[in-house]
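Each chain, letter by letter, is given below.
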Amino acid sequence: MEKQEVKKVKKIKKKIKIHKKAVLITAISLILIAVMVSVCFIFFIPNVKLLGDRVITLKLDDTYEDSGVVATYRGKDVTDEVKIEDNIKYGKVGTYKITYSIKKGIFKTEKKRTIKIIDDIKPEIILEGEEEITLCPGKEFEEIGYKATDNYDGDITKKVEVEETDDKITYTVTDSSGNKTTVSRKIIRSDKEGPKITLKGNSTMYLNKGGTYEEPGYTAVDNCEGDVSDNVEVEGKVDTSKVGTQIITYKVKDKSGNETKITREVYVSSPNGQGGMIYLPFDDGPSNVTDDILDILKKRGVKATFFVINQSDNLNYLIKRAHDEGHTIGLHSYSHQYNVVYRSTNDYFNDLDAISKKVKEITGEESKIIRFPGGGSNTISKKYSLGIMSILTNEVLSRGYHYFDWNVDCGDAGGAKTKEQVYNNVVNNLSHNRANVVLMHDFQNNYKTLEALDDIISYGLANGYTFAAIDMNTPLVRHRVNN
Ligand code: ZN
């Protein structure tokens, strides 16, 4: 037992000895290897050192100049032998490398530099239309249009995000590099425009005393609210027992408080001529203004008288129209030539018969209402037949004609050069206590009378006059005979 144990101990001691030896050998070997590697580095492996930063960031348009490397080998500068390679794409966003390498024998050294090309320019958003938009309260905004462009990505309109709040529309776009642009449109909710009221019927109406006024109606449309006719308030009443001007007021307010007010004027006049009668005879037509005269008379509901002469047959339709619209067609003269008409009684009646026949052919009715060329008081007839007017003025009456001179002269055949003069010549000479027969002309291009006509009618109606066509019951207005 003892012997055996001693043997064992000897064995262990021997083992430890051997082990110590191995450790020592290994350590020495490692040191030797380290020395050899160092030697290799110093003597066999080339050395490359980067100049400048390892990572460089460039903007798209930047130009880049590389600061290079310094290379040494066995203590000597071998920078010239360094091979430089890169994968840079200038003008393109990306991360690139520059590789510097040198090889000596079996040893190769490589260094890398990182080049980042970035886009830091924001996209641009262009709004079509105004940047500030006024909308009706509650009305939905309708996009007018926009465009987004980026220096790098080009057209990126499709990437625009639109956000809508009650008072603002926000447009946001981000380019592929994350640059973000935001623009906005201001929305102003406001309605400053009142509704528009449209009157049915005429805004100026003419009624006979004792007649019935029926409201012709109205419509009202608001720019924001649409049809608001039901909200219209009508103020005022027409009392047809009173002659004169009466005003009806139409008012409407929209929800924003904009009020619109318009009026209709109603003229009540006395149909029995109590306020005075006005007869408007137009001499020497028809002409190229007859149509317009008839339009005004029609619009105003006024009847007048046309003392016609033999004009071109192309104008016959105007005589027909005047007749059909309730105006009186009076006989003035066929030729309207004093030297023919006033040569003799016979000549006068031949001429009168000729125009009478023509009128009857056109209208189907025989007219017995006449006006002498130059009027009953003319003196020019003396030149052709002395005393002829004294004969004719009696003879026409005995033949059943009524002839009419005038007591108001609008001056359109003489002094009146403007429509204002025509108007004043008429209105300043009207009288409430008589039949006012006005001398007016239906001449070719007689625009002064045409332009004054509507105002003359307004004045007459507003002042209680009644307009009428001359008929066989009209009081004869005659001048003193001078030949
Ligand atoms: Zn005449």
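Just so we're clear, the structure is a prediction, and the values are computed from it rather than from any experiment. Think of each chain on its own: its residues are numbered from 1, step by step along the sequence as written. The model is predicted, so local features are restricted to residues of pLDDT at least 70 and side-chain atom pairs to those at 80 or more, both for listing and for counting; the totals for chains, interfaces and linings are taken over all residues. To obtain the side-chain values, all non-hydrogen atoms of the structure were used and water was disregarded.

1. Describing the sheet that holds strand β12 (residues 161-164)
Put simply, the rule reads: Being paired, for any two strands, means DSSP has found at least two bridges between them. The way it works is that DSSP assigns letters per residue, a run of H or I at least four long becomes a helix, a run of E at least two long becomes a strand, and they are numbered from the N terminus. Fitting a line to C-alpha atoms yields each axis, with helices limited to the stretch in contact; the angle taken between N-to-C directions then spans 0 to 180 degrees.
With mixed pairing, 4 strands are arranged side by side in an open sheet as β9-β14-β13-β12. In this open sheet, the two edge strands, each paired with only one partner strand, are β9 (132-135) and β12. Across the sheet, the axes of successive neighbouring strands diverge by a mean angle of 20°, strand direction being ignored. Sheet analysis places strand β13 (residues 168-174) next to strand β14 (residues 180-189), joined by 7 bridges and oriented antiparallel. By the bridge assignment for β14, Ile-169 is matched with Arg-185.

2. Looking at the pattern of salt bridges
Test applied: The term salt bridge refers to a pairing of a side-chain nitrogen on Lys or Arg with a carboxyl oxygen on Asp or Glu at a separation within 4 Å. Only protein chains enter the accessibility calculation, which uses a 1.4 Å probe; a residue whose area is less than 20% of its type maximum is buried, one above 50% is exposed, and one in between is partly exposed.
Evaluated as defined, the whole model comprises 21 salt bridges. The shortest N-O distance in the salt bridge between Lys-368 and Glu-366 comes to 3.7 Å. Taking relative accessible area as the criterion, Lys-368 reaches 27% and is therefore assigned partly exposed.

3. Concerning the packing of aromatic side chains
Keep this limit in mind: Each aromatic pair joins two rings of Phe, Tyr and Trp (for Trp, the six-membered one) with centres within 6.5 Å, and gets the label stacked for planes under 30 degrees apart, edge-to-face for over 60, and tilted for any other angle.
A full pass over the atoms with the stated rule returns 9 aromatic pairs. When the centroid spacing of 6.3 Å and the interplanar angle of 90° are considered together, the rings of Tyr-423 and Tyr-459 count as edge-to-face. Taken together, the positions of Tyr-423 in helix α7 (residues 419-427) and Tyr-459 in helix α8 (residues 447-462) put the pair 36 residues apart, joining distant regions of the chain. For Tyr-459, a relative accessible area of 27% puts it in the partly exposed group.

4. Regarding the packing of α7 against α8
Here is the rule: Each angle receives one of four descriptions, namely roughly parallel if under 35 degrees, roughly antiparallel if over 145, roughly perpendicular if within 65 to 115, and oblique otherwise. The handedness criterion is simple: a crossing whose near helix is rotated anticlockwise from the far helix by less than a right angle is left-handed, and one whose near helix is rotated clockwise is right-handed. Working rule for contacts: check all heavy atoms of both residues, and any pair within 4.5 Å makes them a contact. Any residue that is not Ala, Val, Leu, Ile, Met, Phe, Trp, Tyr, Cys, Pro, Asp, Glu, Lys or Arg is counted as polar, Gly included; the first ten are nonpolar and the last four charged.
Close contact between α7 and α8 brings their axes to 8 Å; oriented N to C, the two are set at 40°. What the angle tells us is that α7 and α8 run oblique. Crossing handedness for the pair α7 and α8: right-handed. On the side of α7, the interface is formed by Lys-419, Val-422, Tyr-423, Val-426 and Val-427, while α8 contributes Lys-448, Thr-449, Glu-451, Ala-452, Asp-455, Ile-456 and Tyr-459. Class assignment of the residues belonging to the contact of α7 with α8 gives a composition of 7 nonpolar, 1 polar and 4 charged.

5. Some points on the coordination of the zinc ion
Quick reminder of the rule: The donor set comprises N, O and S atoms within 2.8 Å of the metal, extended to 3.2 Å for Na, K and Ca; water molecules are omitted, so apparent gaps in a site may simply reflect that omission.
For the zinc ion, the protein coordination sphere consists of Asp-284 (OD), His-332 (NE2) and His-336 (NE2), at 2.2 to 2.3 Å. Between the donor residues of the zinc ion, the gaps in sequence give the motif D-x47-H-x3-H.

6. Some words on the domain arrangement of the chain
For clarity, the cut-off: Boundaries between domains were set according to an automatic or database domain assignment.
Taken domain by domain, the chain holds domain 1 (47-118), domain 2 (124-189), domain 3 (196-269) and domain 4 (277-468). Taking only C-alpha atoms, the centre of domain 2 and the centre of domain 4 are 71 Å apart.

7. Some details on unusual backbone geometry
Put simply, Gly-285 and Pro-286 share a cis peptide bond, and its omega is 0°. In this structure, Pro-286 sits in the loop between β23 (281-285) and α2 (290-300). Here Asp-284, not a glycine, exhibits a phi torsion of approximately 75°, which is positive. Locating Asp-284 in the fold gives a position in strand β23. With phi around 60°, Asn-445 is a residue other than glycine that occupies positive phi space.

8. What to know about the layout of surface pockets
Filter applied, for reference: A pocket, in this scheme, is an open set of points on a 1 Å grid over the protein atoms alone with protein on both sides within 12 Å along at least 5 of 7 lines, while a cavity is a set where a 1.4 Å probe fits but cannot get out; residues line either one if an atom lies within 4 Å of a point. Grid points are joined across faces, edges and corners, and a volume is the space filled by probe spheres set on the points.
Quantified by volume, the largest pocket comes out at close to 230 Å³. In this structure, the largest pocket is lined by 15 residues; those nearest its centre are Tyr-206, Asn-208, Arg-300, Gly-301 and Leu-461. Secondary-structure elements contributing two or more residues to the lining of the largest pocket are β16 (204-208), α2 and β30 (466-468). At 5 residues, the largest contribution of residues to the lining of the largest pocket is made by β16. Each residue belonging to the lining of the largest pocket can be placed in one class, and the counts come to 6 nonpolar, 6 polar and 3 charged. In this structure, the lining of the largest pocket is formed jointly by two domains, domain 3 (196-269) and domain 4 (277-468), each of which donates at least three residues. In this structure, the second largest pocket encloses a volume near 190 Å³. Around the second largest pocket sit 13 residues that line it, and Thr-328, Ile-329, Glu-365, Glu-366 and Ser-367 are the ones nearest its centre. Elements represented by at least two residues in the lining of the second largest pocket include exactly β25 (328-333) and α5 (345-363). Classifying every residue of the lining of the second largest pocket gives 5 nonpolar, 5 polar and 3 charged.

9. Regarding the pairing of strand β20 (residues 244-253)
Within a regular beta strand, the side chains point alternately toward one face of the sheet and then the other, so they alternate between its two faces. The buried count for β20 comes to 7 of 10 residues, which makes it a mostly enclosed element. Note: β20 against strand β21 (residues 259-269), 10 bridges, orientation antiparallel. Bridge pairing in β21 links Ile-248 to Arg-264. The turn linking β20 back onto β21 is made up of 5 residues, and Gly-257 within it adopts a positive phi angle of 90°.

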